[in-house]
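Descriptive analysis of the structure
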Amino acid sequence: MSEETKSLNFLEHIIEEDLANGMSNDSLRFRFPPEPNGYLHIGHTKAIGISFGLGLKYNAPVNLRFDDTNPAKEEQEYVDAIKKDVSWLGYQWAEECYSSDYFQQLYDWAIHLIKEGKAYVDSQTSEAMAEQKGTPTQPGVDGPYRNRTVEENLDLFERMKAGEFNEGDHILRAKIDMQHVNMLMRDPIMYRILKKHHHRTANDWCIYPMYDWTHGESDYVEQISHSLCSLEFKPHRELYDWFLDQVVDANKLRPKQREFARLNLSYTIMSKRKLLKLVEDKIVSGWDDPRMPTISGLRRRGYTPESIRKFVETVGVAKRENVIDVSLLEFCIREDLNKKANRVMAVLNPVKLVITNYPEDKEEWLEAENNPEDESAGSRKIPFSRALYIEKEDFKEEAGNKFFRLKLGGEVRLKNAYIIRAEHVVKATNGEIIEIHCTYSEDTSKKVKGTLHWVSIKHALKAEVREYDRLFSDESPDSHADKDFMEFINPNSLKTIEAFVEPSLANANVGEQFQFQRLGYFNVDEDATLEKLVFNKTVGLRDSWAKQKPKQQNGNSQKPQKTQPERKAISVIAQLGKKYTNLPEEKQLKVKAEIQELAKKVPYEDLEPLFGTAAKKAGTRIAVMLTLGVLLKNGLEKNEAINDFISKASNDKNELLVTEAKALL
RNA sequence: UGGCCCAUGGUGUAACUGGCAACACGUCGGUUUUUGGUACCGAAGAGUCUAGGUUCGAGCCCUAGUGGGCCAACCA
């Protein structure tokens, strides 16, 4: 088990430190706390992966806790969907918890706070309270009800609970500090009246606790050691700790909140509210539309749990804002499916190909390997006959020798079958090629450049294939202050094609995944019926030919990559010098030579200012000295500044510098 | 007229108590190949936002600046 130890992320460092400081491994406990008000998306996967991943790593329990404190937005449907998604991802929670399980405890603690004079009932309008709250740059002011007596507060709060008041009449607030620099500490609301049916507690309660009052206390009840959430909760930490301070028992574990940067994916959005809009506006067919970044969407699209977990792991955890390129997600799914998906042949944009020397009524069933990556996948038989379909793209009447596919007079291999030669084409009146006539040879041992996939027309099955493109045309659609994300909707994100697939697919099951050879990975959509197959394109294969084509079009086109302006030689030298004294001798020689080479390009005007380099920066001075040496050798006259610089350096305490200086004396 | 957080190749993440900036994706080239896939080999690409400071030595510590993000819902 001497696997190379992977470096730890900052959360793991925190845990290691806690462990080193005496926390026992047994007290490690994590939680994933979604609000059941929508579907989970790829962004949540990161949070899930972090907490559950830590649970796996430290062999610690992880709770799934539904943060259900707002009955106006939450529904059982979402609870079920979330549970399904988390288990589908392959994680097992220790306990299924609900914030609503703690309503009574929270209420009791609230009473305690009131009695301590740390919470009070406010009876103003929300507008009035907002006004008193101030702004980030202006302190707030105390409201008129702030100093109600404990008795009055107790009485009012009990009557709030008893349902005597209407929504909005009163709220319970913590009494902290209206002038606090952190807005969240300006007497935050703990309870509001909500006369709504709750999906679990039904009508037992008409007062509901707010997030801040609930979250830390729930972590405490569950004895969560590390409560991990995304960065926007950082300002809440102070409140989290304040609320905890009011109730913790010194003998029990005190949870700590730590924050990480949430995941952003290029060309998509990650906000539940905005995703909901796509659903409501019928831009997509539902939360599980294969174009959606939801877990259910990705699942339907053909992403595997393994690939998503790999993705999250690869992405890492830190505190910096990030936008991850979708290409990484695509890499993860390709890598996984390459190993798992059986290969089949399907033609998406067909053109008819007739093998003129193949008998009209003959058919053969040829052996085809199911997966070259997996011997145990075995093989199957596929039918071959005189009339086939191949991809339109795979034939050109004329083409250069970079084109490995079929052209007139050229030979190509039909995958798992014979080698054919294109003899001539039949065109429609509009010039479109409608048939390619070929001859075949049974000798399959010959080397040819290209191999094409195909289906036998007589045996092929029709299938609907849905190809997806990104939903948005902008890399970061919801981060434009001046534009709405809806403006970037890609109108062509779904393309439906009538395709022809090999007959072995007749009994493919919903969800089953295949590689359509040379095209990509596809799975059977749930819309498929006995009569009609429906496939989703999960992701295409890497295609280095597709990348070639644009290059050829604009001739010897220049790369789109930005060429960086060349750095000034002197700044490179200074950079190199900085580390000079720190290097092992061998490398020093290398760098020295490098500096001397660069020095040839340095004008004296660039060099002189560096004579003033602080005495301490020996490395830089050495680099300057080396450069100067080259300039002098190339005919530069010594002047006062130069002599001064050299003489000072030759008396330096750094031996390397002294050596170089003396060489110039 | 504030507070907090962040800053390393195109992207993301590393770099242990300060000591030769690494890994993955992507890009480019090559080898193999009955998938222009896979696998394998190789290359380019950052000198760590800027300016100071501490140090023999700074991506890492300190100060200031710059840039970005977050903070004013009876949402979570």
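Preceding block: the structure.
Keep in mind the model is a prediction, meaning the values are calculated, not measured.

Another point: the sheet that holds strand 19 (residues 419-427). If you trace the seven strands from one edge of the open sheet to the other, you get 21-18-19-20-12-15-22, paired in mixed fashion. The open sheet has two edge strands, strand 21 (451-452) and strand 22 (455-456), and neither has a second partner. Bridge count between strand 15 (residues 387-391) and strand 22: two bridges; the pairing is antiparallel. For Tyr 389, the partnering residue across the bridge sits in strand 22 and is Val 455.

Looking now at the environment of Asn 654. Tracing the sequence through the fold places Asn 654 in the loop between helix 18 (640-650) and helix 19 (655-662). According to the relative accessible area criterion, Asn 654 is buried, its value standing at 18%. A sequence separation of 194 residues divides Asn 654 from Ala 460, and the C-alpha atoms of the two residues are 81 Å apart. If we ignore the near neighbours within four places in the chain, the residues touching Asn 654 are Thr 581, Ala 618 and Ile 622.

The local shell around RNA strand B holds 74 residues, among which Arg 320, Arg 343, Gln 515, Gln 575 and Asn 582 are the closest. Backbone sugar and phosphate groups make up 65% of those atoms of RNA strand B lying within 4 Å of the protein. Side-chain polar atom of Arg 192 to a phosphate oxygen of RNA strand B: 2.7 Å apart, as the coordinates give it. Looking at the surface near RNA strand B, the elements with two or more residues in it are helix 5 (126-133), strand 6 (189-193), helix 11 (305-315), helix 12 (326-340), helix 13 (544-553) and helix 14 (569-580). Residue composition of the surface near RNA strand B, by class: 23 nonpolar, 25 polar and 26 charged.

Now for the packing of aromatic side chains. A full pass over the atoms with the stated rule returns 24 aromatic pairs. Where Tyr 389 meets Phe 500, the ring centres are 4.5 Å apart and the plane angle is 35 degrees; that geometry is what we call tilted. Of this pair, Tyr 389 sits in strand 15 while Phe 500 is found in strand 24 (residues 494-501), placing the two residues 111 residues apart along the sequence. With relative accessibility at 15%, the residue Phe 500 sits in the buried group.

Here we come to the pairing of strand 2 (residues 62-66). For strand 2, the buried fraction is high: five of the five residues fall into the buried class. Here strand 2 shows no split at all, with Val 62, Leu 64 and Phe 66 on one side and Asn 63 and Arg 65 on the other all buried. Pairing of strand 1 (residues 30-32) with strand 2 involves three bridges; the strand directions are parallel. Each residue of the ladder has a partner; that of Arg 31, found in strand 2, is Asn 63. With respect to chirality, the unit in which strand 1 leads through helix 2 (residues 42-58) into the neighbouring parallel strand 2 is right-handed. Bridge count between strand 2 and strand 3 (residues 96-98): three bridges; the pairing is parallel. Paired with Arg 65 across the bridge in strand 3 is Cys 97. Tracing the backbone out of strand 2, into helix 3 (residues 76-88) and back to the parallel element strand 3 gives a crossover that is right-handed.

Reading guide: rules and limits
- Residues numbered from 1 in each chain as written.
- Chains lettered and ligands numbered in written order.
- Predicted model: local features only at pLDDT ≥ 70, side-chain atom pairs only at ≥ 80, totals over all residues.
- Heavy atoms only, no water.
- Pairing = 2+ DSSP bridges.
- Helix = DSSP H or I, 4+ residues; strand = E, 2+ residues; numbered from the N terminus.
- Buried < 20%, exposed > 50% of the residue type's maximum accessible area, 1.4 Å probe, protein only.
- Contact = heavy atoms within 4.5 Å.
- Near = heavy atom within 4 Å.
- Polar contact = N/O pair within 3.5 Å; in protein donor to acceptor, adjacent residues only side chain to side chain.
- Nonpolar A, V, L, I, M, F, W, Y, C, P; charged D, E, K, R; others polar.
- Phe/Tyr/Trp six-rings, centres within 6.5 Å; stacked < 30°, edge-to-face > 60°.
- Right-handed = clockwise from strand over helix to strand, strands pointing away.

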